[in-house]
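Tertiary structure, described
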Amino acid sequence: MNIEPDLCRVEDALGILVGKWKPIILLHLLKNGTQRFSDLKRSIPGITQKMLTNQLRELENEDIIQRVVYTQVPPKVEYSITEYGRSLEPILHAMHEWGTNHIQHKKQKMNESMSK
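In this report, we go over the structure that sits alongside the text. (Residues numbered from 1 in each chain as written. Predicted model: local features only at pLDDT ≥ 70, side-chain atom pairs only at ≥ 80, totals over all residues. Heavy atoms only, no water.)

Some points on the pairing of strand β3 (residues 76-81)
Rules: Buried residues are those whose accessible area, probed at 1.4 Å on protein chains only, stays under 20% of the maximum for their type, while exposed residues exceed 50% and partly exposed ones sit between those limits. What counts as a helix is a DSSP run of H or I of at least four residues, what counts as a strand is a run of E of at least two, and both are numbered from the N terminus. DSSP bridges decide pairing: two strands pair if at least two such bridges lie between them.
Counting buried positions along β3 yields five of six residues, so the element is predominantly enclosed. Here strand β1 (residues 35-36) runs beside β3; their pairing, made up of two bridges, is antiparallel. The partner of R36 across the bridge, within β3, is E78. Pairing geometry for strand β2 (residues 65-70) and β3, over six bridges, is antiparallel. Along β3, the bridge assignment pairs Y70 with K76. In sequence, β2 turns back onto β3 through a hairpin of five residues.

In structure tokens form, the structure reads like this:
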């Protein structure tokens, strides 16, 4: 690995992605495309309206997602992933794979320790 620890930008990247809900929001937008706020809220059980709003704002401020407001009654707001945000897809996929492997690793270690 040729990353100089003093110049590492991993912390910057994690600052954008860290949070219980941001990766889930991004995966929903990557999989389902443009979604209304209510559709996102419905598809993510357990998230509060306030938390979803905050997470969406943070992602929008980083140019990861785009928010479009339609001037109509009732108001309509749609969220979609930006082209720049799509660059996170392989990172999210790699993190998912690592998480899956890590869970399997932990189970294997637990089984080994129980069989001793």
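Following the structure, the description resumes.
Observations regarding the packing of helix α2 (residues 22-32) against helix α4 (residues 49-61)
Stated formally: Every angle, taken between N-to-C directions, lies between 0 and 180 degrees, and every axis is a line fitted to C-alpha atoms, over only the stretch in contact when it is a helix. Angle categories are assigned with fixed cut-offs, so that under 35 degrees is roughly parallel, over 145 is roughly antiparallel, 65 to 115 is roughly perpendicular, and the rest are oblique. Residues count as neighbours in contact if any of their non-hydrogen atoms are within 4.5 Å of one another.
Packing of α2 against α4 brings their axes to within 10 Å, and their N-to-C directions diverge by 75 degrees. By the angle between their axes, α2 is roughly perpendicular relative to α4. Contacts between α2 and α4 involve K22, I25 and L26 from the former and L52, Q55, L56, E58 and L59 from the latter.

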